[in-house]
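Working through the structure, step by step
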Amino acid sequence: MENLPLNLDFVNITAENLAAEHLCCIIRSKKPHPGVEAKRQWLSDRLGEGHVFRKLNAKAAVFIEYAPLETAWVPITGDHYVYIYCLWVSGDYKRKGYGRRLMEYCLADAKEQGKSGICMLGAKKQKSWLSDQSFAKRFGFEAVDTTASGYELLALSFDGTTPRFAQNAKKEEIESKELSIYYDLQCPYIDQSVETIKRYCETNDVPVSFLRVDTLQKAKELPCVFNNWGVFYKGKFETVNLLNIAYLERILKK
């Protein structure tokens, strides 16, 4: 039997409460954290576009983040869909029904707005830094598009229509052969990932390019699938996973 939730008090981030609310990710710092503050600014710029960040009213990583597909910073096309960037429940908060309630809220919100459905990024094999696709499939999400690298677009359609990866997202090649990383500032971990990779590459004389995605147009035109991060090496797309040093070294050995 499912454990009953400890707390059903959720809050949506608004322009009025953004500065004061904890943003859920498990970065712990008494001082202002550059990644968290960058996320706060990114959210501030998105809230007027219909972006939703709903969280448990606690200092916990229990939240869902979604937006109208038309204004979502991902190379996916479709009419009247909602795109889920992240649905995350961690630690002691797992298996208490929080994830289900967050997903049910998103479903109800999308239906109330008259949307055609909901979609999210998945993969044939579950990837780190992507929401749990087996959980989504229990709600009826199905793979409606795929890429050569094994990423899938999962969708729950209300009216029989389906979204698609933009054709440019299936290219998965760029001209540059050096390590190239596309990123935006949506995730609080991106700032420290960029700094970690930058230090490693400087120390080990590895050429690297960081390509900031700072407009919706740039996001829609990306040459790979993207949730907030995309890595290329030797001109080939590698992953949407944020990199630790061990993962980076595996890529560089190719």
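Read on for a plain summary of the structure.

Overview of the sheet that holds strand β1 (residues 10-12)
- The strand order across the open sheet built from seven strands is β1-β2-β3-β5-β6-β8-β7, with neighbouring strands paired in mixed fashion. The open sheet has two edge strands, β1 and β7 (142-146), and neither has a second partner. The mean inter-strand angle of the sheet, taken between neighbouring strand axes irrespective of direction, is 30 degrees.
- Strand direction decides the pairing type here: strand β5 (residues 81-89) and strand β6 (residues 117-123), joined by four bridges, are parallel. Bridging from a neighbouring strand, Tyr-81 pairs with Gly-117 of β6.

Examining the layout of surface pockets
- Roughly 520 Å³ of internal volume is contained in the largest pocket.
- Forming the boundary of the largest pocket are 22 residues, of which Val-89, Lys-94, Gly-99, Asp-132 and Phe-135 lie nearest the centre.
- Residue assignment for the lining of the largest pocket shows that the elements contributing at least two residues are β5 and α2 (98-112).
- For the lining of the largest pocket, the per-class residue count stands at ten nonpolar, four polar and eight charged.
- In this model, the second largest pocket occupies a volume close to 370 Å³.
- Lining the second largest pocket are 19 residues, and of these Cys-86, Trp-88, Trp-129, Leu-130 and Cys-187 lie nearest its centre.

Quick notes on the rules
Residues numbered from 1 in each chain as written. Predicted model: local features only at pLDDT ≥ 70, side-chain atom pairs only at ≥ 80, totals over all residues. Heavy atoms only, no water. Pairing = 2+ DSSP bridges. Helix = DSSP H or I, 4+ residues; strand = E, 2+ residues; numbered from the N terminus. Axes fitted to C-alpha atoms, helices over the stretch in contact; angles between N-to-C directions. 1 Å grid on protein atoms, 1.4 Å probe; cavity = no way out; pocket = protein on both sides within 12 Å on 5 of 7 lines; lining within 4 Å. Points joined across faces, edges and corners; volume = space filled by probe spheres on them. Nonpolar A, V, L, I, M, F, W, Y, C, P; charged D, E, K, R; others polar.

By themselves, these are just geometric observations and shouldn't be taken as functional.
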